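# Observations on the three-dimensional arrangement
Spelled out, the chains give:
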Amino acid sequence: MHEMALCESLVAIIEEQATVEHFCRVHSVSLEVGALAGVEVEALRFGFQVVSQGTVAEGAELKILPSKVFARCPLCGAQELMLPPSGSCLQCGAKLHMTGGRELSIKEMEVE
Amino acid sequence: MCGVCGCGKEEQELESKHAHKLARDGEAASNGHEDHVHLPRFAHAPGLSARRMVQVEQDLFAKNQRYAQSNRQNFEDRGIFVLNLMSSPGSGKTTLLVRTVEVLSGSGSVAVIEGDQQTDRDAKRIAATGVPVHQINTGRGCHLDAHGVGHAYEHLAPADHSVLFIENVGNLVCPSGFDLGEARRVVILSVTEGEDKPLKYPDMFRVADVMVLNKIDLLSHVEFDVDACCTYARAINPSLAILMVSATRGAGMADWLEWLAVEQAQWVKGCARKITAG
């Protein structure tokens, strides 16, 4: 649901960049989406299609970059992409430390 | 005038006689324009790559985060303790809020920001208690954002050292992603919903400071496993405080009010430390 609002921010950033970087068409946008960002990628794609209509970003491809590691074991150094429900390291059982996962950032764009 | 490049060369010439043999990539077509080159429309200039990468590095939450930080600074400067109340629709947020402000308004200043997609029905319920309230209607929006809350705060102008409750839009998903500048996040879950909600909507329970398990007076009528619910919630967020309340009957209200008082005192201390450190 709120993917729509996020797409509005995304298109606003792209339009800002269009005036700064002087481009008039966007071919692709690379987004890093953390697993804890609370964002559904398919909803994001749909929202982007709708919100980008009539802007420089219309028709651009959304490239979703794999999310970073966001849980790390302080004892054995194991890294997990998903936080297990127990919150414990799958290797040694120690409490995992969260290291990220809430990112939702635009990284780069292919423009013309 | 040439319709392709706008040069005035063959002013008198008919467009049909001035056929443009458009250039292929990198190859110039001359056709009577020997002194300059016509390129196919929308083509790149030869030797220049029109497609390029632009590095951006901007967080989509950044805009909301900037507003949230500014709200938080305002709240801290004026000692206003702000709570963001979140839950699915129908969990009893407004009833809990009405009962809470009835008590708190006797001992200090309280204000409420109400968030709903439509209507001011909740604001009217709060206003009936005599507490200042401002309604935000989000329209299509599924959550409150920090920008809207900042304006509501300006409009409401709560007194210094008051408690400000923000009742978010009834939605167990989206509000969890939007910081409003609050000091504490409260998730309300009612026993009529199902004990596995923390597992199904982990984001909300992960960001919350306290879970208020509401409508406990109905426990004997519904199949709701309190222990399982608490286990699930703590699996998602080990530091989550849990309170059992019946806002309509009053059970557990004292614990909730005590939690509020303790957290407010802690928050005030935290703010004072920040000021000393700063």
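A few points on the structure. (Residues numbered from 1 in each chain as written. Chains lettered and ligands numbered in written order. Predicted model: local features only at pLDDT ≥ 70, side-chain atom pairs only at ≥ 80, totals over all residues.)

### What to know about the interface of chain A and chain B
Each partner contributes to the interface: chain A provides 25 residues, whereas chain B provides 23 residues. At the level of secondary structure, the elements contributing two or more residues to the side of chain A that touches chain B comprise helix H1 (3-21) and strand E6 (104-111) of chain A. With 8 residues, E6(A) is the largest single contributor of residues to the side of chain A that touches chain B. For the side of chain A that touches chain B, the class distribution of residues is 11 nonpolar, 8 polar and 6 charged. Bridging between E6(A) and strand E1 (residues 52-59) of chain B involves 6 bridges; their strand directions are antiparallel. Within E1(B), the position partnered with Glu110(A) by the bridge is Met53(B). (Contact = placed C-beta atoms within 7 Å. Helix = DSSP H or I, 4+ residues; strand = E, 2+ residues; numbered from the N terminus. Nonpolar A, V, L, I, M, F, W, Y, C, P; charged D, E, K, R; others polar. Pairing = 2+ DSSP bridges.)

### A look at the packing of helix H1 (residues 62-77) of chain B against helix H4 (residues 146-156) of chain B
Residues and elements named next belong to chain B. Taken N-terminus to C-terminus, the directions of H1 and H4 make an angle of 30°; their axes are 8 Å apart at the nearest point. Taken together, H1 and H4 sit at an angle that is classed as roughly parallel. Where H1 approaches H4, its residues Asn64, Tyr67, Ala68, Ser70, Asn71 and Asn74 are matched on the opposing element by Ala146, His147, Val149, Gly150 and Tyr153. Of the residues contributing to the contact of H1 with H4, the split by class is 5 nonpolar, 6 polar and no charged. (Axes fitted to C-alpha atoms, helices over the stretch in contact; angles between N-to-C directions. Parallel < 35°, antiparallel > 145°, perpendicular 65-115°, else oblique.)

### Some points on the nonpolar core
Residues Ile166(B) and Val187(B) are the most contacted members of the largest nonpolar core, which totals 53 residues. Looking at which element gives the most residues to this core, the answer is strand E2 (residues 81-87) of chain B, with 5 residues. Beyond its immediate sequence surroundings of up to four residues, Val187(B) is in contact with Met86(B), Ser87(B), Met204(B), Phe205(B), Ala208(B) and Met211(B). Membership of the second largest hydrophobic core comes to 32 residues, among which are Cys7(A), Val56(A), Phe70(A) and Leu104(A). (Core = buried A, V, L, I, M, F, W, Y, C linked by C-beta atoms within 7 Å. Buried ≥ 20, exposed ≤ 12 C-beta atoms within 10 Å, placed from the backbone.)

### Regarding the sheet that holds strand E3 (residues 110-116) of chain B
Residue and element names in this part refer to chain B. Taken together, the 7 strands give an open sheet; going across it, the order is E4-E3-E5-E2-E6-E7-E8, and neighbouring strands pair in parallel fashion. What marks the edges here is a single partner per strand, and that holds for strand E4 (133-137) and strand E8 (241-244). Sheet twist, expressed as the mean angle between neighbouring strand axes with direction ignored, is 20°. As judged from the 5 bridges shared by E3 and E4, these two strands associate in the parallel manner. Following the sheet pairing, Val112 is matched in E4 by Val133. Packing against the sheet, H4 makes contact with E3, E4 and strand E5 (163-167), and its axis sits at approximately 150° to E4.

### Quick notes on the environment of Asn237(B)
Residue and element names in this part refer to chain B. Inspection of the secondary structure assignment puts Asn237 in the loop between helix H7 (226-236) and E8. For Asn237, a count of 19 C-beta atoms within 10 Å corresponds to the partly exposed category. Sequence-wise, Asn237 and Phe205 are 32 residues apart; in three dimensions their C-alpha atoms are separated by 6.6 Å. The contact partners of Asn237, leaving out residues within four places of it in the chain, are Phe205, Arg206 and Ala208.

### Focus on the environment of Thr94(B)
Residues and elements named next belong to chain B. Along the chain, the position of Thr94 falls in helix H2 (residues 93-107). Since 21 C-beta atoms lie within 10 Å of it, Thr94 is described here as buried. In this structure the C-alpha to C-alpha distance between Thr94 and Ile126, which are 32 residues apart in sequence, comes to 7.9 Å. Excluding residues within four positions of it along the chain, Thr94 makes contact with Asp122, Arg125 and Glu167.

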